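Residues per chain, in single letters:
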Amino acid sequence: MPDVHAVSGPPSSGSTITTDVAVIGGGAIGHGIAWEARRSGRSVVVIDDAPGSGASWAAAGMLAPVSELHYQEEDLLELMLEASARWPGFAADLAAAADSNPGYLTTPTLAVGADAADRRALLDLRAVQQANGLTVEPLTIREARRREPLLSPGIACALDTPGDHQVDPRLLVACLRRALAGGARATGSGVARAAEGFAVPDKAAGLLWQDGAVAGVALEGGGTVLAGETVVANGLHAPGLTGLPVSLHLPLRPVHGDILRLAVPAHLRPLVTSTIRGLVRGVPVYIVPRQDGTVVIGATQREDALGRGAGSSAGAVSAGGVYQLLRDAQVLVPAVAELELLECTARARPGTPDNAPLLGRVPLPGGPEDLQTASEMPGAQGSRHVQGLIIATGFFRHGILLTPAAAAICRELMDGIEDPRWAPFNPGRFPAAPSHLVEAAATPPNTQETA
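Residues numbered from 1 in each chain as written. Predicted model: local features only at pLDDT ≥ 70, side-chain atom pairs only at ≥ 80, totals over all residues. Heavy atoms only, no water.

Chemist: Could you give me a rundown of the packing of helix H3 (residues 77–98) against helix H9 (residues 399–414), with the residues and numbers involved?
Modeler: Between H3 and H9, the shortest axis-to-axis distance is 7 Å and the interhelical angle comes to 90°. One element, H3, and the other, H9, form an angle in the roughly perpendicular class. Within the contact between the two elements, H3 uses Leu 79, Met 80, Glu 82, Ala 83, Ser 84, Arg 86, Trp 87 and Phe 90 and H9 uses Ile 400, Leu 401, Leu 402, Thr 403, Pro 404, Ala 405, Ala 408, Ile 409 and Glu 412. Split by residue class, the contact of H3 with H9 holds 12 nonpolar, two polar and three charged. (Axes fitted to C-alpha atoms, helices over the stretch in contact; angles between N-to-C directions. Helix = DSSP H or I, 4+ residues; strand = E, 2+ residues; numbered from the N terminus. Parallel < 35°, antiparallel > 145°, perpendicular 65-115°, else oblique. Contact = heavy atoms within 4.5 Å. Nonpolar A, V, L, I, M, F, W, Y, C, P; charged D, E, K, R; others polar.)

Chemist: Tell me about the confidence of the model for the protein chain, residues and numbers included.
Modeler: Confidence in the prediction of the protein chain, expressed as mean pLDDT, is 88, and 86% of residues score 70 or more. Throughout residues 435–451 the model reports pLDDT below 50, and contacts reaching past four residues in sequence, or to other chains, amount to one contact. (pLDDT = per-residue confidence, 0-100.)

Chemist: Break down the environment of Trp 57 for me, with residues and values.
Modeler: With respect to the element layout, Trp 57 can be found in helix H2 (residues 55–58). Distance from Trp 57 to Pro 169, taken between C-alpha atoms, is 6.7 Å for residues 112 residues apart in sequence.

Chemist: Explain the pairing of strand E6 (residues 157–161) residue by residue, including any values.
Modeler: Counting buried positions over the five residues of E6 gives five, a clear majority of the element. Burial of the side chains of E6 extends over both faces: Cys 157, Leu 159 and Thr 161 are buried on one face and Ala 158 and Asp 160 on the other. Sheet analysis places strand E4 (residues 109–113) next to E6, joined by five bridges and oriented antiparallel. Counterpart to Ala 111 in the pairing with E6 is Leu 159. (Buried < 20%, exposed > 50% of the residue type's maximum accessible area, 1.4 Å probe, protein only. Pairing = 2+ DSSP bridges.)

Chemist: How would you explain the packing of helix H1 (residues 28–39) against H9 if you had to name every residue and give the values?
Modeler: Look at H1 against H9: their axes get within 8 Å of each other, and the N-to-C directions meet at 40°. One finds that H1 runs oblique with respect to H9. Viewed along their axes, H1 and H9 form a crossing whose handedness is right-handed. Here Ala 28, Ile 29, Gly 32, Ile 33, Glu 36 and Ala 37 of H1 lie close against H9, whose contacting residues are Gly 399, Ile 400, Leu 402, Thr 403, Ala 406, Ala 407, Ala 408, Cys 410, Arg 411 and Met 414. The residue inventory of the contact of H1 with H9, partitioned by class, reads 11 nonpolar, three polar and two charged. (Left-handed = near helix turned anticlockwise from the far one by under 90°.)

Chemist: Tell me about helix H4 (residues 116–131), and please be specific about residues and values.
Modeler: Between the first and last C-alpha of H4 there are 23 Å, a value that for 16 residues agrees with the 22 Å anticipated at 1.5 Å per step. Buried residues along H4 sit in contact with E4, strand E5 (137–139), E6 and strand E13 (275–280). Near the N-terminus of H4, the side chain that reaches the backbone nitrogen of Ala 117, with its oxygen 3.2 Å away, is that of Asp 115. In the segment just after H4, Gly 133 is the residue with positive phi, at about 80°. (Expected span 1.5 Å × (residues − 1). Polar contact = N/O pair within 3.5 Å; in protein donor to acceptor, adjacent residues only side chain to side chain.)

Chemist: Quick one: what's the story with the side chain of Thr 275, residue by residue and with numbers?
Modeler: Structurally, Thr 275 can be placed in strand E13. With relative accessibility at 0%, the residue Thr 275 sits in the buried group. Among all residues touching Thr 275, those that are not within four sequence positions of it are Met 62, Pro 108, Thr 109, Leu 110, Gln 166, Ile 287, Val 288 and Pro 289.

Chemist: Break down H9 for me, with residues and values.
Modeler: One full turn of an α-helix is made of 3.6 residues, so residues set three or four places apart face in the same direction. Bending of H9 peaks at approximately 35° at the position of Ala 405. Burial analysis of H9 places 15 of its 16 residues in the buried class, which makes it a mostly covered element. (Bend = angle between axes of the 7 residues up to and from the residue.)

This is how it looks when you write it as structure tokens:
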């Protein structure tokens, strides 16, 4: 398990912590929001009993607004490009604040197809990318292998994506925690009873309310956190919080993925210098080089957990997934067969019905006027949204990429600024299913087993 969450015990039962901002969830998104809030002069705590050990621990860290443009997900593009533009400054500021390297690299991405059908698919996607003003340039096989000599000579195509970069999510979370702790020490703004001035190593049980507004968090250990702003950023666990607004429906689903980490022997370094995003018989695979001489290979995608066998868990790794990743990676870079397999990891990412995040304040129930922007209803913010509450979950494939943008958007909301560009990600956009459908879904159909 990661050492980034090695902190002292939770507050004692019945104790109270008071802060400006309480962030529920200690992944990259939660820590990014917390750091942005701290930088704005607010006191902040992060509530998580195992920070950095969820989806962020398994993520490859590709910052890929171009490569991650999927059909019928064009609404996400503006947010992804906003985040990508923020990354250089975000990474530089973080490195300075933490006095350590978050693993941000501006090396490009190569999209590689294994056969003629993969080539057609990548070129079709390039047409969509170009239609959206994105830069993707074809390379000859010779040009691609000049840049990456260990690419297979049998690949069918290669496309250069210079705007897609990467960061190491494990280093990122560790740096964010150092920056939060260091800022608390340097400014004296640490929160009393919080470990290192910001950490609350406990699980959030639910939201606290006072005078019609969210006023903080009840902890499973029995303590409480009182806060002027509470940010729900705990991924798939968000719907399980008690005290959520009755009108709020968070339709999150777990999307599981297997990912591998391998050591590159000295005689093969660097295995690749660019991130390789490939299609092999229509199945995606990627190889991401790290500065420490390892590579990350991923990622399978499945919407069913493995938990049928003895000892299975939500983090169970699929044997077939591992085989598929190694097989397909070797088609693109045959030398993968000579690497040392260090780690197989599986985590579930929080997906939504439209694969876009749930990000923003929660509209009060009512008519369409509740969803209008601040510019359309000046001075009416207090009557349009649940006060003291921000939702930041459902980031699916894009959590690491969107961290700087999500942090900036949440800080603007705390400042009373609502950018209309992000209205499509309103967390209240999904109505709850009618009660008779919920009851029907909860009732298993009659079944008969035969021997």
